[in-house]
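Below, each chain spelled out in residue letters.
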Amino acid sequence: MPFYGWLLALSLAALTGNTIPAVAYESTERNCSLSPPYLPSTAVNTTLRLQELREQMVSLNIFAYIIPGTDAHLSEYIAPRDARMAFMTGFTGSAGTAVVTQTKAALWTDSRYWVQAERQMDCNWELEKDVSISSVAEWLISEVPSGGKIGFDPFLFSLKKQEEYSINLESSNRSMMSIPNNLVDKVWKERPPIPPEKLTRLPDRVIQRSWQMKVEHIRHQMRDNPYEPTALLLSALDETAWLFNLRGNDIPYNPFFYSYTLLTMEEIWLFLHVDRVTEELKVYLNSSCNGSLCVKLQSYDSVRDVLQTYVAKPGVKVWVGTEYTNYALYEVITPQEKLMTTSYSPVLTAKAVKDETEQQILRDAHIRDAVAVVQLLMWLEKAVPEGKETELTAAAYVDKCRSKQKDSRGPSFETISASGPNAALAHYSPSKDTSRRLTVDEMYLVDSGGQYLDGTTDITRTVHWGTPTAMQKEAFTRVLMGNIEISRTIFPSGTRGVNMEMLGRRALWEVGLNYGHGTGHGVGNYFGVHEWPVGFQGNNIPFRAGMFTSIEPGYYKENDFGIRIEDVVVIVPARTKYGNNYLTFDTVSLVPYDRKLIDTSLLSSVQLQWLNTYYETIRRLLGPELDKQGLHTEKEWMLLNTEPFTETESSASVCSSSLTLMALAVALLHNIV
């Protein structure tokens, strides 16, 4: 989804000449300039569904209809039944916006997905590459006549998005029209149902704070807030799941369930599909009493009406986090004096800092997860030269390895298993139509993760089973240098990730290379693999001890190869000679990098020392787990691939200490300003 850090990355790419234009592949992408147009087998015929949607638009007298790629909770990962943009366009990427008029249809998505869009969309659709709302608004102004109305579902718009559209359209004599009953749903005849599974509670062994303790902690923050909110509305799916220590199965790869929460000092309303709550959970939630720690179970669809009734009371004020509250709920909180807003709710900021139990079990989950990744890499090392394995079989293998680990709950996202030119697509996942055979002549990138009862994992490794080119080896090493430079940085508590993000790019910038995605994101405890608001983007919160984030620089050479090195780290206190309240990163991912891709002559002595220390940590933590599971061959492989690098192999070409000081100076200036 569009965010400041992504726009910054695109701007930097343009400045360095490292843009990522779409490339036409003769057999895999559409060609609408031919007569008749060429469509690959992966393209979806959208003619009939567009016709039916336009009939709905005519009945409401609207000239355009906006279809975001999200759900009513503004989630990044959505359930199949909420994939309205995908249903209408055929495009299944996780970020985008579609717009339909009576004569045209267009999709906006970022450069990660341009090639994918060209493969999946038919020629009814235009592909727009400027993902800003102003770009969409300009297109609407050019296609919608003066005085025309533009329809949208307020449940799929954030407050910020609705305001941006309105501002961009206000002087054009075109207006936005809120339509709470989604028009796509009316033409989607086989829309998937809500999963029938019952909700579950987390076992006590993975919990340090009960839901009652969490509720009282949040209420304490409400009491201390100078704006005196009387209620807190929780809209993001992970907010309610975290608050009550509950998990569900409504979103693929994410243990969430459809829900909202309205919390006051005296009452708790939980909006969900009540038929999915067991009698045991009703007792757990104290749902039959009327006290301040008794949860009133309400129908999921009643949240807007209940909120409106509450707001009608005198002297109330509702606190909402604008990043995840949809416009349909926001617009009923009137007048303005009854509304209090922050970017993120106190639940999201509290959840971002893991308690002692959460930190330890998340570390433990990463140890077991490393076993599965080591098994994959060792197997591929032997199997690929035989010429029988593909991107799909590799993805299936790592999923199988994870499934055998203790407390496994499946993958945390669809595995990115990519070789050669497919790896140049940063978020590619293989299908039967696109899966390539793995060979010793190409680089291979695998980005995968697991859900465990005690944690969520995400790790990327890039390997080469033959002889890499000099350029591939240099690019890999410079990506590794970026990973190391961030990982070893010491910084004041409260520093924002965006202010040190440049460390991940500096070694690449020096030779005119770059990457077009963010440098890292938060990670949860059996939650979302992309857990906001932690990370390196401009709208992330400042770093504090106890937060977990990924660090994942990369480089992608179009139609050739892709490189990404991703590790999850926890923010811990740092020992310094003079100052207190300083932090650093401790890497919890425990899989070695491909030695043949590392050009040690590019590494400074400090970087080399960090790498050897990291390999010692892998041996110390992963070795006993491999012994415990009886995986002696895997342990031998791990020991071989974590042999220390010698100091004589390294000659520093980048003064890493200088670039760290420079970046921290920039960060401090940003924090002061």
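Residues numbered from 1 in each chain as written. Predicted model: local features only at pLDDT ≥ 70, side-chain atom pairs only at ≥ 80, totals over all residues. Heavy atoms only, no water.

Peer 1: Which parts of the structure should I look at to understand the packing of helix H18 (residues 605-628) against helix H19 (residues 632-641)?
Peer 2: The axes of two packed helices give the description: the angle between them and the distance between them. For the pair H18 and H19, interaxial distance at closest approach is 10 Å and the crossing angle is 175°. Between H18 and H19, the angle is such that the two are roughly antiparallel. Two secondary-structure elements touch here, H18 through Tyr615, Ile618, Arg619, Leu622, Gly623, Leu626 and Asp627 and H19 through His632, Glu634, Lys635, Met638, Leu639 and Asn641. Residue composition of the contact of H18 with H19, by class: six nonpolar, three polar and four charged. (Axes fitted to C-alpha atoms, helices over the stretch in contact; angles between N-to-C directions. Helix = DSSP H or I, 4+ residues; strand = E, 2+ residues; numbered from the N terminus. Parallel < 35°, antiparallel > 145°, perpendicular 65-115°, else oblique. Contact = heavy atoms within 4.5 Å. Nonpolar A, V, L, I, M, F, W, Y, C, P; charged D, E, K, R; others polar.)

Peer 1: What is the right way to read the packing of aromatic side chains from this model?
Peer 2: Remark: the centre distance and the inter-plane angle together describe each pair of aromatic rings, the angle taken between the planes. Going through the model one piece at a time under the given rule, you end up with 25 aromatic pairs. Pairing Phe152 with Tyr327 gives two aromatic rings, centres 6.3 Å apart and planes at 55°, and the pair type is tilted. In this pair, Phe152 sits in strand S5 (residues 149-152) while Tyr327 sits in helix H12 (residues 327-330), placing the two residues 175 residues apart along the sequence. A ring pair is formed by Tyr260 and Tyr300, whose centres lie 5.4 Å apart and whose planes are at 25°; its orientation type is stacked. Within this pair, whereas Tyr260 is found in strand S10 (residues 260-264), its partner Tyr300 is found in the loop between strand S12 (295-299) and helix H11 (303-311), the two being separated by 40 residues in sequence. (Phe/Tyr/Trp six-rings, centres within 6.5 Å; stacked < 30°, edge-to-face > 60°.)

Peer 1: Sorry, what's going on with the nonpolar core here?
Peer 2: Within soluble globular proteins, side chains that are nonpolar generally end up buried alongside one another. Formed by 72 residues in total, the largest nonpolar core has its most connected members in Leu140, Phe244, Leu307 and Val318. Beyond its immediate stretch of four places on either side in the chain, Leu140 contacts Ala64, Ile66, Val99, Ile150, Tyr165 and Arg174. If you look at the next biggest cluster of nonpolar residues, it comprises 61 residues, including Val374, Tyr428, Ala507 and Phe645. (Core = buried A, V, L, I, M, F, W, Y, C linked by side-chain atoms within 4.5 Å. Buried < 20%, exposed > 50% of the residue type's maximum accessible area, 1.4 Å probe, protein only.)

Peer 1: Explanation requested: unusual backbone geometry in the structure shown.
Peer 2: The omega torsion of the bond from Thr334 to Pro335 falls at 0°, within 30 degrees of zero and hence cis. Looking at the element boundaries, Pro335 is found in the loop between H12 and strand S14 (339-342). The peptide bond linking Trp532 to Pro533 adopts the cis configuration, its omega dihedral lying at 15°. Within the secondary structure, Pro533 sits in strand S23 (residues 531-535). Phi at Tyr526 takes a positive value of approximately 50°, unusual for a residue other than glycine. Structurally, Tyr526 can be placed in the loop between strand S22 (521-522) and S23. Tyr526 sits in the buried class, given a relative accessible area of 11%. Located in the positive-phi region is Asn581, a residue other than glycine, with phi close to 60°. Positionally, Asn581 belongs in the loop between strand S27 (567-573) and strand S28 (582-587). What makes Asn581 exposed here is its relative accessible area of 58%.

Peer 1: What's the story with the pattern of salt bridges in this structure? I'm lost.
Peer 2: Two side chains carrying opposite charge are able to pair once their charged atoms lie near each other. Scanning the entire structure with this criterion turns up 35 salt bridges. Its salt-bridge partner being Glu143, residue Lys104 comes within 3.0 Å of it at the nearest N-O pair. One end of the pair, Lys104, is in the loop between strand S2 (97-101) and strand S3 (105-108); the other, Glu143, is in helix H5 (residues 133-143), and 39 residues separate them in sequence. Taking relative accessible area as the criterion, Glu143 reaches 25% and is therefore assigned partly exposed. Of the charged contacts in the structure, one is a salt bridge between Asp586 and Arg363, with a shortest N-O distance of 2.9 Å. Taken together, the positions of Asp586 in strand S28 and Arg363 in helix H14 (residues 356-383) put the pair 223 residues apart, joining distant regions of the chain. Relative accessible area serves as the criterion here: at 28%, Asp586 is assigned to the partly exposed category. (Salt bridge = Lys/Arg side-chain N within 4 Å of Asp/Glu carboxyl O.)

Peer 1: I would appreciate a short explanation of the sheet that holds strand S15 (residues 408-411) in the present structure.
Peer 2: Working definition: the strands of a sheet are paired by backbone hydrogen bonds and lie parallel or antiparallel to each other. Pairing is antiparallel in the open sheet, where three strands are placed in the order S15-S18-S19. Because the sheet does not close on itself, it has two edges, and the strands there are S15 and strand S19 (455-456). (Pairing = 2+ DSSP bridges.)

Peer 1: How should empty space enclosed by the protein be read in this particular structure?
Peer 2: It is the rolling of a water-molecule-sized probe over the atoms that shows where space remains empty. A full pass over the atoms with the stated rule returns three cavities of 30 Å³ or more. There is about 230 Å³ of room inside the largest cavity. Looking at the largest cavity, it is lined by 17 residues, and the ones nearest its centre are Ser75, Glu76, Asp238, Phe256 and His530. The residue makeup of the lining of the largest cavity, split by class, is nine nonpolar, five polar and three charged. Looking at the second largest cavity, its volume works out to about 150 Å³. If you go around the second largest cavity, you meet 19 residues; those closest to its centre are Leu202, Val206, Arg247, Glu358 and Asn525. Per-class residue counts for the lining of the second largest cavity are eight nonpolar, three polar and eight charged. (1 Å grid on protein atoms, 1.4 Å probe; cavity = no way out; pocket = protein on both sides within 12 Å on 5 of 7 lines; lining within 4 Å. Points joined across faces, edges and corners; volume = space filled by probe spheres on them.)

Peer 1: Looking at this structure, how should I read the pairing of strand S11 (residues 268-272)?
Peer 2: Counting buried positions along S11 yields five of five residues, so the element is predominantly enclosed. Side-chain alternation along S11 places Ile268, Leu270 and Leu272 on one buried face and Trp269 and Phe271 on a second face that is also buried. Bridge count for S10 against S11 is four bridges, and the pairing is antiparallel. When the bridges of S11 are listed, Tyr260 appears paired with Phe271. Between S10 and S11, which pair antiparallel one after the other, the connecting turn spans three residues. Handedness of the crossover joining S11 and S12 through helix H10 (residues 279-284): right-handed. (Right-handed = clockwise from strand over helix to strand, strands pointing away.)

Peer 1: When you look at the packing of helix H8 (residues 211-224) against helix H9 (residues 237-244) in this model, what are you seeing that I'm missing?
Peer 2: The N-to-C vectors of H8 and H9 enclose an angle of 120°; their axes lie 7 Å apart at closest approach. Between H8 and H9, the crossing angle belongs to the class labelled oblique. Together, Trp211, Lys214, Val215 and Ile218 of H8 and Trp242, Leu243 and Phe244 of H9 make up the contact between the two elements. Of the residues belonging to the contact of H8 with H9, the class tally is six nonpolar, no polar and one charged.

Peer 1: What's the story with the sheet that holds S5 in this structure? I'm lost.
Peer 2: The sheet built from six strands is open, its strands ordered S4-S3-S2-S1-S5-S6 with mixed pairing. A single partner strand is all that each edge strand has here, and the edge strands are strand S4 (126-128) and strand S6 (175-178). Each neighbouring strand pair of the sheet contributes to a mean axis angle of 25°, computed without reference to strand direction. Relative to S5, strand S1 (residues 64-68) runs parallel, the two being bridged by two bridges. In the strand pairing of S5, Ala64 is matched with Ile150. Against the sheet, helix H2 (residues 47-60) engages S1, S2, S3 and S6, with an angle of about 65° to S2.

Peer 1: Explain the state of the cysteines to me, please; I cannot follow it from the model alone.
Peer 2: By definition, a disulfide links the sulfur atoms of two cysteines through a covalent bond. Tallied over the full model, the rule gives two disulfides. Here Cys32 engages in a disulfide with Cys123; their sulfurs sit 2.0 Å apart. What sets the handedness of the Cys32 and Cys123 disulfide is the S-S torsion sign, and at about -95° it is left-handed. A residue pair is termed long-range when its members are at least 10 positions apart, and Cys32 in the loop between helix H1 (4-16) and H2 and Cys123 in the loop between helix H4 (114-120) and S4 qualify at 91 residues. On the basis of relative accessibility, which here comes to 37%, the residue Cys32 falls in the partly exposed class. Across a sulfur-sulfur distance of 1.7 Å, Cys289 and Cys294 are joined as a disulfide pair. (Disulfide = S-S within 2.5 Å.)

Peer 1: Before we go on, may I ask you to explain the pairing of S3 in this structure?
Peer 2: On any regular strand, side chains alternate: one points to one face of the sheet, the next to the other face. A two-sided burial pattern is seen for S3, the buried positions comprising Ala105 and Leu107 on one face and Ala106 and Trp108 on the other. Sheet topology note: the S2/S3 ladder contains four bridges and is antiparallel. Across the sheet, residue Val100 finds its bridge partner in S3, namely Ala105. As consecutive antiparallel partners, S2 and S3 are separated by three residues. In terms of strand pairing, S3 meets S4 through three bridges, oriented parallel. Bridge pairing links Leu107 to Leu127 in S4.

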